[in-house]
Amino acid sequence: MENWKDQMKNMVDNLERLKQYINVTPDEEEAINTLNTKWGTTPHMASLMDKDDPNCPIRMQAIPSLKETKNEFGLDNYLVWKENRDTEEKRPDCIARQYVDRIAFTVTDICANYCRHCFRKELVVDKNLELRFDLEEGIDWIREHEEIRDVLVTGGDPLLLSDDRIDHLLKSLRSIDHVEMIRFGSRVPIAMPQRITPELLEVLGGDHEVPVWLNTQCNHPKELTPRTRKAVYDLLTAGVNVGNQMVLLKGINDDVETFRHLHQKLLQYRIRPYYVFYCEPAPGIDHFRTRAELIRDGLRGHTTGLAQPMYVCATNIGKIPLMPDYYCVDKNDKEYTFRNHRWQTTTMPVIKD
Ligand SMILES: *Cc1c(COP(=O)(O)O)cnc(C)c1O
Ligand code: SF4
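Residues numbered from 1 in each chain as written. Chains lettered and ligands numbered in written order. Predicted model: local features only at pLDDT ≥ 70, side-chain atom pairs only at ≥ 80, totals over all residues. Heavy atoms only, no water.

- As recorded by an unreviewed UniProt entry, the chain carries the name Lysine 2,3-aminomutase YodO family protein and is attributed to Maridesulfovibrio salexigens.
- The annotation that UniProt attaches to the chain under Sequence similarities (unreviewed entry) is "Belongs to the radical SAM superfamily. KamA family." (UniProt positions renumbered as here; feature names shortened; annotations may be inferred.)

So this is what it looks like as structure tokens:
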């Protein structure tokens, strides 16, 4: 099924279709039948599911679970808080702001994979927050705010818009003098690499003064297939940089082996690890949330420097690095003492101003 429109038409979003790919467990079936939630994934992703293992990382990310009804730590109206929607500055629905110089521009609530751990669950999956996705309103707002130099186009999945809409969006943003760069956050290279067509590359690519960067979301090495490798290669060849934003997910990628394997494989696929996100306190995703020192134990010093993402917690005041400072174990007037991944120590002189 190489045509992405066929992938969308055949979305695996009912039991009958899901049963063509896996042996659905009674728990999965009950969750699908009783939870009032949007779910579904592409035939491409469904074909990566383990037929018999309900703990398959692809299954856990796509199939609803009864655990979603338990909510101890999730915050109500999470997105309104997180995206500063209830503040004095009046902005269009599609503009989320935490920083002076850059904004998130939400253009749709449709996705190729309705991730069960989505922090935008209220908007995308549960549909109890409705926003107006008015591209023109967003573009006008950006035009009027000269301090905005970086526009992060997000959703939902912005690459599910038609080529024409994306082309119009890019042309409009590029016509604004103060916009220096455009970023897309899209799971499409992973969930539906067939979307990266020559026509779309024509729209996204090329040598422009205002470049397009893309961050995808890959959470497990199983998601990296030859089809995705080709999509990434095509994006890079067209001039679009590709990075990754992983979400730290309990039972999916929170062990050293999987975590390191994922980051090494991302580089093999030419995808640069950018962020690892602490799973946010959005409602109904408690069962995914976990803490782990995986960068210390699995990456820093243990593998290629390019494989190192930054571990962050995304909040209403921006992304907060969660990198512990265990590297610097001591400091006095004269010197710092640093420790590495093998627990060896060394010292460096403290420079006096
Ligand atoms: C994540 C995010 C950004 C971009 O953050 P970077 O650290 O620059 O990648 C900008 N605005 C909002 C509202 C965001 O959530
Ligand atoms: S692709 Fe992104 S926006 Fe869509 S459900 Fe997954 S995490 Fe949420």
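## Some remarks on the sheet that holds strand 11 (residues 335-339)
Okay, step 1: Taken in spatial order, the 3 strands of this open sheet run 10-11-12, and their pairing is antiparallel. Where the open sheet ends on each side, the last strands, each with one partner, are strand 10 (328-331) and strand 12 (345-349). When the angles between neighbouring strand axes are averaged without regard to direction, this sheet yields 25 degrees.
Okay, step 2: Examined bridge by bridge, strand 10 and strand 11 share 3 bridges and lie antiparallel to one another. Looking at strand 11, one finds that Asp330 is bridged to Thr337. (Pairing = 2+ DSSP bridges. Helix = DSSP H or I, 4+ residues; strand = E, 2+ residues; numbered from the N terminus. Axes fitted to C-alpha atoms, helices over the stretch in contact; angles between N-to-C directions.)

## A word on helix 12 (residues 226-238)
Okay, step 1: With 13 residues, helix 12 should cover 18 Å at 1.5 Å per step; its first-to-last C-alpha distance of 18 Å lies within 8% of that length.
Okay, step 2: Along its buried surface, helix 12 packs onto helix 4 (43-46), helix 10 (188-191), helix 11 (198-204), strand 5 (212-216) and strand 6 (241-247).
Okay, step 3: At the C-terminal side of helix 12, Gly239 shows a positive phi close to 105 degrees. (Expected span 1.5 Å × (residues − 1). Contact = heavy atoms within 4.5 Å.)

## Let's talk about the UniProt feature "modified residue: N6-(pyridoxal phosphate)lysine" (unreviewed entry) in the chain
Okay, step 1: Look at the UniProt record and you will see "modified residue: N6-(pyridoxal phosphate)lysine" (unreviewed entry) annotated at Lys319.
Okay, step 2: As for its placement among the helices and strands, Lys319 is situated in strand 9 (residues 318-321).
Okay, step 3: According to the relative accessible area criterion, Lys319 is partly exposed, its value standing at 28%.
Okay, step 4: Apart from the residues within four sequence positions on either side, Lys319 is in contact with Tyr99, Tyr275, Phe277, Val312, Cys313 and Ala314. (Buried < 20%, exposed > 50% of the residue type's maximum accessible area, 1.4 Å probe, protein only.)

## Quick word on the nonpolar core
Okay, step 1: Counting residues in each nonpolar core, the largest one holds 71 residues, and the members touching the most others are Phe105, Ile142, Phe184 and Leu204.
Okay, step 2: Among residues more than four places away in sequence, those in contact with Ile142 are Ile95, Ile103, Phe105, Ile148, Val151, Leu173, Ile176, His178 and Val179.
Okay, step 3: Judged by nonpolar contacts, the second largest core, of 11 residues, contains Cys111, Cys115, Leu123 and Leu131. (Core = buried A, V, L, I, M, F, W, Y, C linked by side-chain atoms within 4.5 Å.)

## Concerning the packing of helix 8 (residues 135-144) against helix 9 (residues 163-174)
Okay, step 1: Where helix 8 contacts helix 9, the two axes come as close as 10 Å, and the packing angle between them is 15 degrees. As far as their axial angle goes, helix 9 and helix 8 are roughly parallel. Crossing handedness for the pair helix 8 and helix 9: right-handed. Within the contact between the two elements, helix 8 uses Leu135, Glu136, Ile139, Ile142 and Arg143 and helix 9 uses Arg165, His168, Leu169, Ser172 and Leu173.
Okay, step 2: Residues belonging to the contact of helix 8 with helix 9 are distributed by class as follows: 5 nonpolar, 2 polar and 3 charged. (Parallel < 35°, antiparallel > 145°, perpendicular 65-115°, else oblique. Left-handed = near helix turned anticlockwise from the far one by under 90°. Nonpolar A, V, L, I, M, F, W, Y, C, P; charged D, E, K, R; others polar.)

## Considerations on the environment of Ala314
Okay, step 1: Looking at the element boundaries, Ala314 is found in strand 8 (residues 310-315).
Okay, step 2: Take Ala314: its relative accessible area is 5%, and that puts it in the buried class.
Okay, step 3: Setting aside residues up to four positions removed in sequence, Ala314 forms contacts with Tyr78, Lys82, Phe277, Glu280 and Lys319.

## A closer look at the site of ligand 1
Okay, step 1: Around ligand 1, the structure places Ala96, Gln98, Tyr99, Arg102, Ile103, Ala104, Leu152, Arg183, Tyr274, Tyr275 and Lys319.
Okay, step 2: At 2.6 Å from an oxygen atom of ligand 1 is found a side-chain nitrogen or oxygen belonging to Tyr274.
Okay, step 3: Take Lys319: an N or O atom from its side chain is 3.3 Å from an oxygen atom of ligand 1.
Okay, step 4: Relative to its unbound accessible area of 390 Å², ligand 1 is 88% covered by the protein chains. (Near = heavy atom within 4 Å. Polar contact = N/O pair within 3.5 Å; in protein donor to acceptor, adjacent residues only side chain to side chain. Areas by Shrake-Rupley, 256 points an atom, 1.4 Å probe, with all protein chains shown as cover.)

## Topic: the domain arrangement of the chain
Okay, step 1: By the assigned domains, the chain splits into domain 1 (67-322) and domain 2 (326-353).
Okay, step 2: Distance from the C-alpha centre of domain 1 to the C-alpha centre of domain 2: 36 Å. (Domains from an automatic or database assignment.)

## As for the environment of Phe119
Okay, step 1: Along the chain, Phe119 turns up in the loop between strand 2 (102-106) and helix 7 (121-124).
Okay, step 2: Here the alpha-carbon distance between Phe119 and Leu79, two residues 40 residues apart in the chain, equals 8.0 Å.
Okay, step 3: For Phe119, the residues in contact, after removing those within four places along its chain, are Tyr78, Leu79, Lys82, Glu83, Glu280 and Ala282.

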